[in-house]
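Each chain, letter by letter, is given below.
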Amino acid sequence: MKRSSFSESRRRVLQSGLTACAALGSGQAATQVLAAHQEETIQHFPARAKHVIVLYMSGGYSHVDTFDPKPRLTREHDRSIGLESDVTVTGMPKVDRHLKAASWKFQPNKHCGTEVSDLFPHIREIMHEAALIRSMNSDHRDHGEATLQLHTGSTSVAMPSFGAWLSYGLGSLNPQLPSHVVLSEHRPYNGPQIWDANFLPSSHGGVRILPGNDPLPFLKSPSTAAVRDFEFDLLTQLNQQHAGSRHDDGKLAGRSGAVQSARGLQEAAPEALDLTQETKDTLAMYGAQPGDVTSYAAQCIMARRLVERGVRFVEIIDAVGSCSDNWDAAHRDIASHSKYAKRVDQPIAALITDLKRIGLLDETLVVFCTEFGRTPWAQDGKGTKSRNHHPSAFSCWLAGGGVKPGVIHGKSDDIGNLVEEDMVHIHDFHATILRIMGLDHTRLTYRHAGRDFRLTDVHGDVVENILLSTTTNT
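All figures in this text were calculated on a predicted structure; none of them were measured in a lab. (Residues numbered from 1 in each chain as written. Predicted model: local features only at pLDDT ≥ 70, side-chain atom pairs only at ≥ 80, totals over all residues. Heavy atoms only, no water.)

### Details of the pattern of salt bridges
Close approach of charged atoms lets side chains of opposite charge pair.
(1) Moving on: The full count for this structure, using the stated rule, is 24 salt bridges.
(2) Moving on: With a closest N to O distance of 3.0 Å, Arg304 and Asp354 form a salt bridge. Here Arg304, found in helix α10 (residues 296-308), pairs with Asp354, found in helix α11 (residues 337-357); they are 50 residues apart in sequence, far enough to count as distant.
(3) Moving on: On the accessibility criterion, Arg304 (5% relative accessible area) is buried.
(4) Moving on: What makes Asp354 buried here is its relative accessible area of 0%.
(5) Moving on: Because the salt bridges share partners, they merge into one network encompassing Glu271, Glu278, Arg304, Arg305, Glu308, Arg309, Asp354 and Arg357. (Salt bridge = Lys/Arg side-chain N within 4 Å of Asp/Glu carboxyl O. Helix = DSSP H or I, 4+ residues; strand = E, 2+ residues; numbered from the N terminus. Buried < 20%, exposed > 50% of the residue type's maximum accessible area, 1.4 Å probe, protein only.)

### Some thoughts on a nonpolar patch on the surface
(1) Moving on: Nonpolar side chains collect at one region of the surface, where Phe230, Leu234 and Leu238 lie side by side and expose about 300 Å² of accessible area between them.
(2) Moving on: Within the secondary structure layout, Leu234 lies in helix α7 (residues 225-244). (Patch = residues over 30% accessible without salt bridge, like charges linked within 9 Å, V, L, I, M, F, W, Y side chains within 5 Å. Areas by Shrake-Rupley, 256 points an atom, 1.4 Å probe, with all protein chains shown as cover.)

### Description of the layout of surface pockets
(1) Moving on: In this model, the second largest pocket occupies a volume close to 320 Å³.
(2) Moving on: Leu273, Asp274, Leu275, Thr276 and Val293 are the residues nearest the centre of the second largest pocket, which is lined by 22 residues in total.
(3) Moving on: Elements with a contribution of two residues or more to the lining of the second largest pocket: α8 (250-272) and α9 (280-286).
(4) Moving on: Here the residues of the lining of the second largest pocket sort into 11 nonpolar, six polar and five charged. (1 Å grid on protein atoms, 1.4 Å probe; cavity = no way out; pocket = protein on both sides within 12 Å on 5 of 7 lines; lining within 4 Å. Points joined across faces, edges and corners; volume = space filled by probe spheres on them. Nonpolar A, V, L, I, M, F, W, Y, C, P; charged D, E, K, R; others polar.)

### Description of empty space enclosed by the protein
(1) Moving on: Here the structure, examined in full by the defined rule, presents one cavity of 30 Å³ or more.
(2) Moving on: One number sums up the size of the largest cavity: a volume of about 40 Å³.
(3) Moving on: In terms of lining, the largest cavity is formed by Leu177, Pro178, Val181, Ile209, Leu216, Leu265, Ala269, Leu273 and Leu306.
(4) Moving on: Across the lining of the largest cavity, the residue classes tally to nine nonpolar, no polar and no charged.

### Observations concerning the packing of aromatic side chains
(1) Moving on: Tallied over the entire structure, the rule returns 14 aromatic pairs.
(2) Moving on: Where Phe120 meets Phe368, the ring centres are 6.0 Å apart and the plane angle is 85°; that geometry is what we call edge-to-face. Here the residue Phe120 occupies a position in the loop between β5 (115-117) and α4 (121-124), and Phe368 occupies one in strand β10 (residues 364-369), the gap between them amounting to 248 residues. The exposure classification of Phe120 matches that of Phe368, with both residues buried.
(3) Moving on: By the ring-pair criterion, three or more aromatic residues cluster together here, those being Tyr61, Phe67, Phe120, Trp327, Tyr340, Phe368 and Trp397.
(4) Moving on: Note that Arg435 overlies the ring of Phe45, its terminal NZ or CZ placed 3.9 Å from the centroid.
(5) Moving on: Positioned over the ring face of Phe453 is Arg451, at 4.0 Å from the centre of the ring. (Phe/Tyr/Trp six-rings, centres within 6.5 Å; stacked < 30°, edge-to-face > 60°. Lys NZ or Arg CZ within 6 Å of the ring centre and 35° of its normal.)

### Side note on the packing of α10 against α11
(1) Moving on: Two elements in contact, α10 and α11, have axes whose closest approach is 8 Å; the angle formed by their N-to-C orientations is 20°. When the axes of α10 and α11 are compared, the pair comes out roughly parallel. Here α10 runs over α11; the crossing is right-handed. Facing Tyr296, Ala297, Gln299, Cys300 and Arg304 of α10, the residues of α11 in contact are Arg343, Val344, Pro347, Ile348, Leu351, Asp354 and Leu355.
(2) Moving on: Of the residues belonging to the contact of α10 with α11, the class tally is eight nonpolar, one polar and three charged. (Axes fitted to C-alpha atoms, helices over the stretch in contact; angles between N-to-C directions. Parallel < 35°, antiparallel > 145°, perpendicular 65-115°, else oblique. Left-handed = near helix turned anticlockwise from the far one by under 90°. Contact = heavy atoms within 4.5 Å.)

### A word on the nonpolar core
(1) Moving on: Judged by nonpolar contacts, the single largest core of 108 residues is most densely connected at Leu55, Phe120, Phe368, Trp397, Leu398 and Phe429.
(2) Moving on: Apart from residues no more than four positions distant in its own chain, Phe368 is found in contact with Leu55, Met57, Tyr61, Phe67, Phe120, Ile123, Ile348, Cys396 and Trp397. (Core = buried A, V, L, I, M, F, W, Y, C linked by side-chain atoms within 4.5 Å.)

### A few points about the side chain of Thr370
(1) Moving on: By secondary structure assignment, the location of Thr370 is in the loop between β10 and β11 (373-374).
(2) Moving on: Here Met57 takes part through its backbone oxygen, which lies 2.8 Å from a polar atom of the side chain of Thr370.
(3) Moving on: A distance of 3.4 Å separates the side chain of Thr370 from the side chain of Glu371, its partner in a polar contact.
(4) Moving on: Once residues lying within four places of it in the same chain are set aside, the contact partners of Thr370 are Tyr56, Met57, Gly59, Gly60, Tyr61, Leu150, Phe394 and Cys396. (Polar contact = N/O pair within 3.5 Å; in protein donor to acceptor, adjacent residues only side chain to side chain.)

### Examining the pairing of strand β13 (residues 394-400)
(1) Moving on: β13 sits mainly inside the fold: seven of its seven residues count as buried.
(2) Moving on: Where strand β6 (residues 130-137) and β13 come together, five bridges link them in antiparallel fashion. Each residue of the ladder has a partner; that of Leu132, found in β13, is Trp397.
(3) Moving on: Sheet analysis places β10 next to β13, joined by four bridges and oriented antiparallel. Looking across to β13, one finds that Val366 is bridged to Ala399. (Pairing = 2+ DSSP bridges.)

So this is what it looks like as structure tokens:
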């Protein structure tokens with residue numbers, strides 16, 4: 001298989017960038033490297049957005065209790081539709097499926113009519129800005145595999161995350177800040193694998209920010225500015241000398257890039273992460289209190305601040321207490337959704353409103369997603385309160401740059417069990433996000449282990465129906 005021209009182009013950029021950093025040995029180096037990178041970056045299509053903010057609801061929220069109303073579930077609550085066709089959990093008996101009504105009422109958005117349940121009253125008010133997909137589909141019903149697929153396209157083998165792919169394909173808009181940032185208060189399913197660069201150059205892996213008073217450990221240098229600059233310059237020169245004897249060493253290039261990233265972070269990150277600069281009115285809009293640095297509201301504000309300063313890709317991983325305290329509590333009682341929805345509802349709606357207010361919504365794609373939905377029937381039989389995992393049909397939405405506002409795409413059947421119209425597989429979801437960012441998922445490749453890899457493997461179709469034409473989105 002021939003090496004793709006895209007891969008060759010990227011290799012030239014990395015080599016020239018490393019040389020430039022060593023030669024200049026100063027903050028100016030990073031700026032010149034960025035300029036060279038941007039010249040080489042291939043834009044397959046006109047980009048509809050410049051930034052992505054992913055709002056990942058870890059654990060799997062119930063589509064039939066949130067974004068996909070099913071009147072039949074209400075009419076036939078507790079009615080049996082027969083045994084499951086497959087065993088839900090290995091070693092467990094098949095469940096007699098008794099339909100379970102939604103626990104919250106649905107009401108329409110007053111502008112576009114999209115129905116959203118009372119779990120999300122604030123998000124419902126901004127759905128006229130969003131394209132809701134009610135026909136999502138993934139390949140696995142266990143959290144680890146489904147979370148891995150949502151983030152990397154693979155259910156089994158760890159691959160580069162889609163944040164890393166976007167960083168690799170598009171580069172940075174600010175040389176002092178990383179192009180790929182993850183806000184994660186707790187360790188999610190699969191841990192760092194879901195934001196890792198894997199075989200892509202390591203500089204494209206996600207930089208994790210811990211919500212709190214020390215979001216980036218060791219960010220403040222113990223040295224004076226003069227000593228710090230001397231140390232950075234010396235390390236850069238030593239890495240360049242070492243590179244002369246280790247031609248085409250990706251790990252060395254990654255470490256050298258990390259040195260430059262660390263330098264930029266020490267200079268720019270303290271201001272970017274300083275929420276005390278926000279007004280009381282802004283904090284109140286998000287539902288945050290002065291001094292709050294850990295809430296989901298604070299994380300949404302931080303995501304907006306990072307995008308304002310040129311960060312390409314930001315993901316907020318929502319989990320109150322890691323894998324033991326997230327949307328998966330629906331196994332015990334679907335009423336637990338109230339706790340998680342209340343935490344995110346107002347901040348997410350405020351994020352959309354705030355981005356629009358400052359003129360950034362048109363160039364920022366906001367993605368609200370989860371790894372799978374929940375069964376339309378009670379997990380533990382008639383009269384019980386829980387719902388199990390359900391990858392066959394679920395709902396996600398996109399808003400902002402390049403997205404048709406106020407539309408609904410796809411349809412599940414009358415109980416929300418299977419996709420009935422316009423299925424959107426995770427590969428299609430990824431292909432669509434890449435297209436919005438100006439990238440062709442079939443051409444964004446990287447040569448590794450003797451073959452060209454891509455985020456969507458050999459699959460994926462762009463969901464054209466939810467995209468604005470490039471002539472109407474400037």
